[in-house]
Structures are given as structure tokens and as C-alpha cells.
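So the chains spell out like this:
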Amino acid sequence: MEDLSKLKDLSELETEAKEVLDIINDQILEEDDPTLVKCESSSIGDGCGQALEITDLVYIQTHYYVPPNDSEEGDYWSAGEGRFICSSCGCINRLYNRPSIEGRKKLFKSVKNEYKA
Ligand SMILES: [Zn+2]
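Note that the coordinates shown come from a computational prediction; the quantities given were computed from them, not determined experimentally.

Peer 1: How do you make sense of the overall build of the protein chain when you look at a structure like this?
Peer 2: Of regular secondary structure, the protein chain possesses two helices and six strands. The linear arrangement of helices and strands in the protein chain, starting from the amino end, is α-β-β-β-β-β-α-β. On C-alpha atoms alone, the protein chain measures out to a radius of gyration of 21 Å, which is more than a quarter above the 13 Å that the 2.2 N^0.38 rule sets for 117 residues. Summarising its shape, the C-alpha atoms of the protein chain cover approximately 80 × 30 × 25 Å along the three principal directions. Across the 117 residues in the protein chain, those meeting the buried criterion constitute 12%. Within the protein chain, contacts between residues at least 6 apart in sequence are counted, and of these 52% link residues at least 24 apart.

Peer 1: Could you clarify how one ought to interpret the pairing of strand β4 (residues 76-85) in this entry?
Peer 2: Working note: regular strand, side chains alternate between the two faces of the sheet. In this sheet, β4 lies alongside strand β3 (residues 58-66) in antiparallel orientation, the contact comprising six bridges. Each residue of the ladder has a partner; that of valine 66, found in β4, is tyrosine 76. Two strands pair when backbone bridges link them, and β4 and strand β5 (residues 92-94) are joined in this way by three bridges, in the antiparallel orientation. Counted as the bridge partner of phenylalanine 84 is asparagine 93 from β5. Hairpin geometry of β4 and β5 is characterised by an intervening segment of six residues between the two adjacent antiparallel strands and by a positive phi of about 85° at glycine 90.

Peer 1: Explanation requested: the sheet that holds β4 in the structure shown.
Peer 2: Pairing between sheet strands relies on hydrogen bonds along the backbone, with the strands arranged either parallel or antiparallel. The strand order across the open sheet formed by four strands is β5-β4-β3-β6, and the pairing between neighbours is mixed. Looking at strand neighbours, the two that pair on one side only are β5 and β6 (110-116), the edges of this open sheet. Across this sheet, the average inter-strand angle for adjacent strands is 35°, counted without regard to direction.

Peer 1: Just checking my understanding: could you explain the environment of isoleucine 44 for this structure?
Peer 2: As for its placement among the helices and strands, isoleucine 44 is situated in the loop between β1 (36-38) and β2 (51-53). On the basis of neighbour count, isoleucine 44 is assigned to the exposed category, with 11 C-beta atoms found within 10 Å. In the structure, isoleucine 44 is positioned 34 residues away from leucine 10 in sequence and 39 Å away in space, judged by C-alpha atoms. Isoleucine 44 has contacts with Ile92 and Arg94, leaving out every residue within four places of it along the chain.

Peer 1: Got a minute to help me understand the confidence of the model for the protein chain in this structure?
Peer 2: In low-pLDDT regions, the fine details of the predicted coordinates are not to be read closely. Model confidence for the protein chain is summarised by a mean pLDDT of 86, while 91% of its residues fall at 70 or above. In the model of the protein chain, helix α1 (residues 2-32) stands out as the element of lowest mean pLDDT, 75, in contrast to β6, which has the highest, 96.

Calculation rules
- Residues numbered from 1 in each chain as written.
- Predicted model: local features only at pLDDT ≥ 70, side-chain atom pairs only at ≥ 80, totals over all residues.
- Helix = DSSP H or I, 4+ residues; strand = E, 2+ residues; numbered from the N terminus.
- Rg over C-alpha atoms; globule rule 2.2 N^0.38 Å.
- Buried ≥ 20, exposed ≤ 12 C-beta atoms within 10 Å, placed from the backbone.
- Contact = placed C-beta atoms within 7 Å.
- Pairing = 2+ DSSP bridges.
- Axes fitted to C-alpha atoms, helices over the stretch in contact; angles between N-to-C directions.
- pLDDT = per-residue confidence, 0-100.

Dropping the structure here:
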């Protein structure tokens, strides 16, 4: 019985180690390989977790409309968050909390501006 419980501990340790490795691998992917970005879940939808070639993706720069008010010189457009659409699952990835990807905007295949009133 004692040996069996040790085996169980080992398999639990292995599972835990794999989970930690997965997290580390994700971090290495995002930080050290500037050519890859990962499709992640966001408030818009669930990402598939695929690592995508940044040069295949279109960077979507959103702009939002700021209406005129008393203290401003009329209305204007302001740059909002960046986004990209996963080429694997079609999920929209929001980049407002992923500055490492926003910082690589120039590596994307192209930049598409989207204006939303
Ligand atoms: Zn995806």
C-alpha cells in the first residue's frame, strides 16, 4: 500500500510540473520570440491558444469618436486599443493588457484602422 501511495504522489507531481512548464513555455514564447503571438481568451471570446506568426497577422488599430464638448475644440478621433484576429480560430484578441504585443505593432503584416463612433 505504501508503494502505491508513493506512485500516486509521483504522478501528481508530474502533473503539477507539466502545468508549471506550460506556463513557463507561454512566457518564453511571448517574451523571447518576437515573431510569435498567442491567441488568448479575452472579453470578446475564447482563444485557441495557438502560437501565430506575427507576420501573417493584421494589427487592428481601433479609434474611438470623442464628441465635441464645451472645453474642447470640437470633436476628434482618439486611438484606442490594438487587436488582431486569430488566423486559426477567428477569435478577436484584444491587446489592451498585452503591451508586449502592442509594442511589436510594426512587425505585423499590416495595420488596419477601425473607426467606431
Ligand atoms: Zn485562435
